[in-house]
Amino acid sequence: MDSTGPSFVLPALPDGRFTGRTEFADLIRNALAVAAVQGWREMTWCDPTFEDWPLGERAVAESLTDWAKTGRKLTMMDKKNYELLRRHARFVTWRRTWAHIIECRRSITASGDNMPSALLGPNWVLERLELQHCTVVSGSEAARRVALRERINERLHKSVSAFPATTAGL
């Protein structure tokens, strides 16, 4: 192994339009790997169910663990977290460990059809425009980031706390 640098090339975060669940999942994986390496201080995730996100994968959990350092914050919002709990056990475990940096919200006003499906980073965003065929647009343009941030913030203001890290039982 070359001691002058990493043994892999970090994928660039693309600008453009993409179609398909495989490409969408690849974009999420790459974004989380980049977030870890670049040290993004904050991320916001929004999706009706997170069903198509690769959150149950070991590589994603490793990227998130590498990303989760002092001063980090993840805000995530969904419509219902049943699919998240059912499909992504590894993420649920990771969330328990890192609960202090994660704010989980549930949208109470948006229907599943018009709730954004997006990942917002500090300088790059990914938004799924159409869920059925998984049409995705991503980019680093400031106008795109600001517009998406405003739409998600509107929903966050009308959301409730959700997805507790632990459940207390009697």
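About the criteria used
- Residues numbered from 1 in each chain as written.
- Predicted model: local features only at pLDDT ≥ 70, side-chain atom pairs only at ≥ 80, totals over all residues.
- Heavy atoms only, no water.
- Axes fitted to C-alpha atoms, helices over the stretch in contact; angles between N-to-C directions.
- Helix = DSSP H or I, 4+ residues; strand = E, 2+ residues; numbered from the N terminus.
- Parallel < 35°, antiparallel > 145°, perpendicular 65-115°, else oblique.
- Left-handed = near helix turned anticlockwise from the far one by under 90°.
- Contact = heavy atoms within 4.5 Å.
- Nonpolar A, V, L, I, M, F, W, Y, C, P; charged D, E, K, R; others polar.
- Pairing = 2+ DSSP bridges.
- Phe/Tyr/Trp six-rings, centres within 6.5 Å; stacked < 30°, edge-to-face > 60°.
- Buried < 20%, exposed > 50% of the residue type's maximum accessible area, 1.4 Å probe, protein only.
- Polar contact = N/O pair within 3.5 Å; in protein donor to acceptor, adjacent residues only side chain to side chain.
- Core = buried A, V, L, I, M, F, W, Y, C linked by side-chain atoms within 4.5 Å.

K.L.:
Before we go on, may I ask you to explain the packing of helix α1 (residues 21-38) against helix α2 (residues 58-67) in this structure?
P.N.:
Two packed helices can be described by the angle between their axes and the distance between those axes. It is the contact of α1 with α2, at a shortest axis distance of 8 Å, that shows an interaxial angle of 25 degrees. Judged by the angle between their axes, α1 and α2 are roughly parallel. Relative to α2, α1 is oriented so that their crossing is left-handed. For the pair α1 and α2, the contacting residues are Arg29, Leu32, Ala33, Ala35 and Ala36 in the first and Val60, Ser63, Leu64, Asp66 and Trp67 in the second. Residues belonging to the contact of α1 with α2 are distributed by class as follows: seven nonpolar, one polar and two charged.

K.L.:
Explanation requested: the sheet that holds strand β1 (residues 16-19) in the structure shown.
P.N.:
Hydrogen bonds between backbone groups are what pair the strands of a sheet, and the pairing can be parallel or antiparallel. Read from one edge of the open sheet, eight strands run β1-β7-β6-β5-β2-β3-β4-β8, paired in mixed fashion. Lying at the two open borders of the sheet, with one neighbouring strand each, are β1 and β8 (159-161). Each adjacent strand pair in this sheet contributes to an overall mean axis angle of 20 degrees, direction not counted. As paired elements, β1 and strand β7 (residues 135-139) share four bridges and run antiparallel to each other. Paired with Gly16 across the strands is Ser138, a residue of β7. Docked against the sheet, helix α4 (residues 89-97) engages β2 (42-46), β3 (73-78) and β4 (102-107), running at close to 125 degrees with respect to β4.

K.L.:
In this structure, what is going on with the packing of aromatic side chains? I would like to understand it.
P.N.:
Any aromatic ring pair is given by two values, namely how distant the centres are and how the planes are angled relative to each other. Under the counting rule described, the total for this entry stands at seven aromatic pairs. Ring geometry for Trp45 and Phe91: centres 5.7 Å apart, planes at 40 degrees, overall tilted. Placement of Trp45 in strand β2 and of Phe91 in helix α4 is noted, with a sequence separation of 46 residues between them. The same class applies to Trp45 and to Phe91, which are both buried. Through pairs of rings, three or more aromatic residues link up here, namely Phe24, Trp45, Phe50, Trp53, Phe91, Trp94 and Trp98.

K.L.:
Sorry if this is basic, but what is going on with the environment of Asp26 here?
P.N.:
Summarising the element assignment, Asp26 is placed in helix α1. Placed 28 residues apart in sequence, Asp26 and Pro54 show a C-alpha to C-alpha distance of 8.4 Å. Within the local environment of Asp26, its side chain forms a polar contact with the side chain of Arg29, the two groups lying 2.5 Å apart.

K.L.:
Sorry, what's going on with the nonpolar core here?
P.N.:
Where a protein is soluble and globular, its nonpolar side chains tend to be buried together. If you look at the biggest cluster of nonpolar residues, it comprises 36 residues, and the most contacted ones within it are Met43, Trp45, Trp67, Met76, Phe91, Trp94 and Leu119. The set of elements that each furnish at least two residues to this core consists of α1, β2, α2, β3, α4 and β4. Residue contributions to this core peak at eight residues, all from α1. Here Trp94 is in contact with Ala61, Leu64, Thr65, Trp67, Ala68, Leu74 and Ile102, once residues within four sequence places are set aside.

K.L.:
Would you take a moment to explain the environment of Glu42 for this structure?
P.N.:
You can see Glu42 is positioned in strand β2. Owing to a relative accessible area of 38%, Glu42 belongs among the partly exposed residues under this scheme. Sequence separation between Glu42 and Lys73 is 31 residues, and the spatial gap between their C-alpha atoms is 4.8 Å. Apart from residues no more than four positions distant in its own chain, Glu42 is found in contact with Lys73, Leu120, Gly121 and Pro122.

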